[in-house]
Amino acid sequence: MKQSGRRRGFTSWFVEPYRQVKLGLIFLLLNFLFAGLIFGIFGYYVWDIYQTLAVYFKLTSDQSVEIMQKFQTPIFAGSFLLLIFVVASILISVRYTYQIYGPLVSIHRFLDEYLQGDVVQPLILRESDQLQELAEKLNQVMYLNPNDRRASNLRPIYRYLDDLLEGTHPEPITL
C-alpha cells in the first residue's frame, strides 16, 4: 500500500538533509569539544584526588581498588549525562532546522514558479514552522502583482526585443 504524502517519524525531520546535517555536525563538534573539556577537567581532578588519597594514606592495592570503585559511579553518571546532552542538542538542532529549512524549500519553489510566470498558489506553512511573517508578505506581493497582469505587461517588451533581434526598427514602447 502506498503511503500518503505526509511522512512521519524522525526521518520526516530532514527536509534539506545535507544542510541540516551540516549544521547538526557543527553542533556535534561544538558539543564534543565542550564535553571533552568538561570530562577532561573533572576526570583530571578525580584522578588527582585518587592519587592524593593513595599517597597520603599509603593505601594497599585492595584499598586502592575499593576507592576507585567509589569514584566509578560519579564518573559513569557524568559520562552518561554528557552523552545525553550531546544527543539532545543534536536532536533539538535537527528539529529546529526542520522548522526553518522546510519553509525555505517552499518559499524557494514559490518564488521559482512566480518568476517563471506560472500560476502560483498562496504559500501556506505549517503552524510550527518559522518564517511565517515572510510567507505572509510573499503572499501579499503575489496579490499585488498577479501572474496574469505581470505576464501581459511583458508582452510588448518581448515583441520589441524580438523585432530588434530580427534587425527591424520597431515602434518605441509606450505605456
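A word on the overall build of the protein
Thought 1: Secondary structure summary: the protein contains 4 helices and 0 strands in total.
Thought 2: Accessible area for the protein stands at about 13,900 Å²; split by element, carbon and sulfur atoms hold 64% of it.

Describing a nonpolar patch on the surface
Thought 1: A contiguous nonpolar patch, built from Leu-30, Leu-33, Phe-34, Leu-37, Ile-38, Ile-41, Phe-42, Tyr-44 and Tyr-45 and spanning about 930 Å² of accessible area, is present on the exposed surface.
Thought 2: Structurally, the position occupied by Leu-33 is in helix H1 (residues 17–56).
Thought 3: The exposure class assigned to Leu-33 is partly exposed, which follows from its relative accessible area of 48%.

Re the pattern of salt bridges
Thought 1: With the rule as written, the count across this model stands at 1 salt bridge.
Thought 2: A salt bridge links Asp-129 to Arg-126, with the shortest nitrogen-to-oxygen separation between them at 2.8 Å.
Thought 3: For Asp-129, a relative accessible area of 7% corresponds to the buried category.

A word on the environment of Ser-64
Thought 1: Residue classification places Ser-64 among the buried residues on the basis of a relative accessible area of 11%.
Thought 2: The sequence separation of Ser-64 and Ala-54 amounts to 10 residues, and the corresponding C-alpha distance is 6.6 Å.
Thought 3: Discounting chain neighbours no more than four positions away, the residues touching Ser-64 are Tyr-50, Ala-54 and Leu-59.

Some remarks on the packing of helix H2 (residues 61–116) against helix H3 (residues 132–144)
Each pair of packed helices can be described by the angle between their axes along with the distance between the axes.
Thought 1: Running from N to C, H2 and H3 point in directions that differ by 10°, and their axes come no closer than 11 Å. Overall, the two elements H2 and H3 adopt an arrangement that is roughly parallel. Counted together, Ile-107, Phe-110, Leu-111 and Tyr-114 of H2 and Leu-134, Leu-138, Asn-139, Val-141 and Met-142 of H3 form the full contact between these two elements.
Thought 2: For the contact of H2 with H3, the per-class residue count stands at 8 nonpolar, 1 polar and no charged.

Side note on unusual backbone geometry
Thought 1: In this structure, Lys-58 takes a positive phi of about 50° despite not being glycine.
Thought 2: Position of Lys-58 relative to the elements: it lies in the loop between H1 and H2.
Thought 3: Judged by its relative accessible area of 71%, Lys-58 is exposed.
Thought 4: Residue Leu-131 is not a glycine yet carries a positive backbone phi of 65°.
Thought 5: You can see Leu-131 is positioned in the loop between H2 and H3.

Things to note about the nonpolar core
Thought 1: Counting residues in hydrophobic clusters, the biggest one holds 9 residues: Ile-107, Phe-110, Tyr-114, Val-120, Leu-123, Leu-125, Ala-135, Leu-138 and Met-142.
Thought 2: Setting aside residues up to four positions removed in sequence, Met-142 forms contacts with Phe-110, Tyr-114, Val-120, Gln-121 and Pro-122.

Considering H3
Counting along an α-helix, one turn takes 3.6 residues, and residues three or four places apart therefore face a common direction.
Thought 1: The terminal C-alpha atoms of H3, which comprises 13 residues, lie 19 Å apart, in line with the 18 Å expected from a rise of 1.5 Å per residue.
Thought 2: Every buried residue of H3 is listed here: Ala-135, Leu-138, Asn-139 and Met-142. Projected down its long axis, H3 carries its buried residues within an arc of 100°, all on one side. Seen from the buried face of H3, the exposed residues on the opposite side, beyond 90 degrees, are Glu-133, Lys-137, Gln-140 and Leu-144.
Thought 3: Looking at the buried positions of H3, the neighbouring elements they touch are H2.

A word on the layout of surface pockets
If you roll a probe as big as a water molecule over the atoms, it shows you where there is empty space left.
Thought 1: For the second largest pocket, the calculated volume is near 190 Å³.
Thought 2: Taken together, Ile-38, Phe-39, Phe-42, Gly-43, Val-46, Trp-47, Met-68, Pro-74, Ile-75, Gly-78, Ser-79 and Leu-82 form the lining of the second largest pocket.
Thought 3: Looking at the lining of the second largest pocket, the elements that each hand over two or more residues are H1 and H2.
Thought 4: Of the residues that constitute the lining of the second largest pocket, the class distribution is 9 nonpolar, 3 polar and no charged.

About the cut-offs
- Residues numbered from 1 in each chain as written.
- Predicted model: local features only at pLDDT ≥ 70, side-chain atom pairs only at ≥ 80, totals over all residues.
- Heavy atoms only, no water.
- Helix = DSSP H or I, 4+ residues; strand = E, 2+ residues; numbered from the N terminus.
- Areas by Shrake-Rupley, 256 points an atom, 1.4 Å probe, with all protein chains shown as cover.
- Patch = residues over 30% accessible without salt bridge, like charges linked within 9 Å, V, L, I, M, F, W, Y side chains within 5 Å.
- Salt bridge = Lys/Arg side-chain N within 4 Å of Asp/Glu carboxyl O.
- Buried < 20%, exposed > 50% of the residue type's maximum accessible area, 1.4 Å probe, protein only.
- Contact = heavy atoms within 4.5 Å.
- Axes fitted to C-alpha atoms, helices over the stretch in contact; angles between N-to-C directions.
- Parallel < 35°, antiparallel > 145°, perpendicular 65-115°, else oblique.
- Nonpolar A, V, L, I, M, F, W, Y, C, P; charged D, E, K, R; others polar.
- Core = buried A, V, L, I, M, F, W, Y, C linked by side-chain atoms within 4.5 Å.
- Expected span 1.5 Å × (residues − 1).
- Arc of directions from axis to C-beta.
- 1 Å grid on protein atoms, 1.4 Å probe; cavity = no way out; pocket = protein on both sides within 12 Å on 5 of 7 lines; lining within 4 Å.
- Points joined across faces, edges and corners; volume = space filled by probe spheres on them.

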